[in-house]
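# Structural overview for review
Each chain is listed here by its residues.
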Amino acid sequence: MKVVAKFWFFIGVLAALSPLGLLLPEHFKAGPAWGEWGVDEIRELTGYLPKGLEKLANLWEAPVSDYTFKAWGQKRPADLSLTYILSAIIGVMVCAGVMLLIAKFLVKNK
Amino acid sequence: MHIPDGYLGPATCGFFYLVMLPIWMVASKIVQKALKARQVPLLAIAAAFSFVIMMFNIPIPGGTTGHAIGGVLIAILLGPWAASIAITVALVIQALLFGDGGLSALGANCFNMAFVFPFSGYYIYKAVSYNAPVISNRRVVAAGIAGYLALNIVAALTGLEFGLQPLLHRTASGQALYCPYGLNVALPVMLSEHLLVFGWVEAIVTALVIKYLQKQAPELLTESK
């Protein structure tokens, strides 16, 4: 197998295993990364919500926030891992696609 | 390490966008010159790899989570400038599609993870592996050390950016406007959790892949700029 194909295989394996990034923190009762709390968590931690933070926090509504399809997961929590894998596949393909376009553009316009 | 919207004040956000603009321009110029057609698929893989490795949240039991970035590995294989572009792509997609990292903080997040990270890791690797043959164990060790140190450098930098906010922006009554934690909290917390846990994850991932490539594709480990 060519090394490029091996790399893609490896990334596929990572995408398939990605729910570990969801399940392990849950199992060990670990919260979000430090400094990445939602507004409710901040209020709980500090007793108030910084005013500027409140204004900026919802600047952008991401289509798949937190790499999970919430509506789908709420119906069947067991499917949350599946939505995580789906996010991994979408993310991998979009990243690779955008990078290919940029690289091709750069090479072509040498 | 993906700073969300609302944690950095407008001055900090604007500053890092201004710093990143010339870096992105120079990176595209340099990559354009140095990139060979056969490296294009590797660059796409690099962006995809960085994206997916960041989904592996590692827990500190009862505490917070963190993750590797994979960027030192990319810098070793494709050079720091190409790594900078590949990680930027991953960070932009994460912010836009998945809400991981804020749009206002994107300049800062790119400066930390797509500039300081690959560059510091790359030069630490170069220094430690200086003159070592492609298949030597010193290269594997150098890759691990570079991953570990670079992630901690970036953790400290991120802690600094968080911690400066209460100094920069306060209400008249002294309440923080953005990140509520100052340097005395943000810096030691960010640094200690990366020194103790997440840095090791980056080190192991980087060293293992280099070890694997020494056997499978040593040609990828010859010098790249």
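Residues numbered from 1 in each chain as written. Chains lettered and ligands numbered in written order. Predicted model: local features only at pLDDT ≥ 70, side-chain atom pairs only at ≥ 80, totals over all residues.

## Details of the overall build of chain A
To keep it simple, the criterion reads: Put simply, DSSP marks the helices as runs of H or I at least four residues long and the strands as runs of E at least two long, and each gets a number from the N terminus on. Only the C-alpha atoms count toward the radius of gyration. The rule for a globule is 2.2 Å times the residue count to the power 0.38. The exposure label follows from counting other C-beta atoms within 10 Å of a residue's C-beta, where the C-beta atoms are placed from the backbone and the thresholds are 20 or more for buried and 12 or fewer for exposed, leaving partly exposed in between. Contact between two residues is assigned when their C-beta atoms, built from the backbone, lie within 7 Å.
On a plain count of helices and strands, chain A comes out with six helices and zero strands. Its C-alpha atoms give chain A a radius of gyration of 19 Å, more than 25% over the compact-globule value 13 Å for 110 residues. With the principal axes as the frame, chain A shows a C-alpha extent of 55 × 40 × 25 Å. By the burial criterion, 29% of the 110 residues in chain A qualify as buried. Restricting the contact set of chain A to residue pairs at least 6 apart, pairs at least 24 apart contribute 44%.

## A look at the confidence of the model for chain A
Close reading of the predicted structure is inappropriate where its pLDDT is low. The condition is simple: Here pLDDT means the predictor's own confidence in every residue, given as a number from 0 to 100.
Per-chain confidence: chain A averages 91 in pLDDT, with 95% of residues scoring 70 or above. Looking at the elements of chain A, mean pLDDT is at its lowest for helix 5 (residues 70-75) of chain A, recorded as 68, and at its highest for helix 1 (residues 3-17) of chain A, recorded as 95.

## Observations regarding helix 3 (residues 71-78) of chain B
Residues and elements named next belong to chain B. Counting buried residues along helix 3, eight of its eight residues qualify, which places the element largely inside the surrounding structure. Within the span of helix 3, buried status applies to Gly71, Val72, Leu73, Ile74, Ala75, Ile76, Leu77 and Leu78. Two residues or fewer after helix 3 comes Gly79, characterised by a positive phi angle close to 95°.

## Quick notes on the interface of chain B and chain A
Put simply, the test is: In the scheme used here, Gly and all other residues not listed as nonpolar or charged are polar, with Ala, Val, Leu, Ile, Met, Phe, Trp, Tyr, Cys and Pro taken as nonpolar and Asp, Glu, Lys and Arg as charged.
Contacts between chain B and chain A engage 61 residues on the former and 55 residues on the latter. Where the side of chain B that touches chain A is concerned, the elements lending two or more residues are helix 1 (10-34), helix 2 (40-53), strand 2 (65-66), helix 4 (80-98) and helix 7 (183-216) of chain B. Tallied by class, residues from the side of chain B that touches chain A come to 41 nonpolar, 18 polar and two charged.

## Quick notes on the nonpolar core
To keep it simple, the criterion reads: To define a nonpolar core, we join buried Ala, Val, Leu, Ile, Met, Phe, Trp, Tyr and Cys residues through C-beta atoms within 7 Å and take the resulting set.
If you look at the biggest cluster of nonpolar residues, it comprises 110 residues, and the most contacted ones within it are Ala47, Ala48, Val52 and Ala86 of chain B. Filtering out sequence-adjacent residues up to four positions away, Ala86 of chain B remains in contact with Met99 of chain A together with Leu43, Ala46, Ala47, Ser50 and Ile74 of chain B.

## A word on the environment of Val39 of chain A
Residues and elements named next belong to chain A. Inspection of the secondary structure assignment puts Val39 in helix 3 (residues 39-46). Judged by local crowding, Val39 falls into the partly exposed class, with 15 C-beta atoms found within 10 Å. If near-sequence neighbours (up to four positions away) are discounted, Val39 is found in contact with Leu49, Glu54 and Ala57.

## Things to note about helix 5 (residues 106-128) of chain B
Residues and elements named next belong to chain B. What counts, and what does not: Helix span, as expected, comes to 1.5 Å for every residue beyond the first. A residue's bend is simply the angle between two axes: one fitted to the seven residues ending at it, one to the seven starting at it.
The end-to-end C-alpha distance of helix 5, which contains 23 residues, comes to 31 Å, matching closely the 33 Å that a straight helix rising 1.5 Å per residue would cover. At Val116, helix 5 shows its strongest bend, of approximately 35°, with the proline Pro118 following within four residues. The element helix 5 is extensively covered by neighbouring structure, given that 18 of its 23 residues are classed as buried.

## Digging into the confidence of the model for chain B
Summary statistics for chain B give a mean pLDDT of 95 and a share of 99% for residues scoring 70 or more. For this predicted complex, the interface confidence reaches an ipTM of 0.94, while the overall pTM sits at 0.95.

## With respect to the packing of helix 6 (residues 80-108) of chain A against helix 2 of chain B
Axes are the key here: two packed helices are described by the angle between their axes and the distance separating the axes. This is how the line gets drawn: Simply put, an axis is a line fit to the C-alpha atoms, just over the touching stretch for a helix, and the angle between two N-to-C directions goes from 0 to 180 degrees. Crossing handedness follows the turn of the near helix against the far one: under a right angle anticlockwise gives a left-handed crossing, and clockwise gives a right-handed one.
Taken N-terminus to C-terminus, the directions of helix 6 of chain A and helix 2 of chain B make an angle of 145°; their axes are 8 Å apart at the nearest point. Read as a crossing pair, helix 6 of chain A and helix 2 of chain B show a hand that is right-handed. From helix 6 of chain A, Ala88, Gly91, Val92, Cys95, Ala96, Met99, Leu100, Ala103, Lys104 and Val107 of chain A reach across to helix 2 of chain B, where they touch Val40, Leu43, Ala44, Ile45, Ala47, Ala48, Phe51 and Val52 of chain B. In terms of residue class, the contact of helix 6 of chain A with helix 2 of chain B is built from 16 nonpolar, one polar and one charged.

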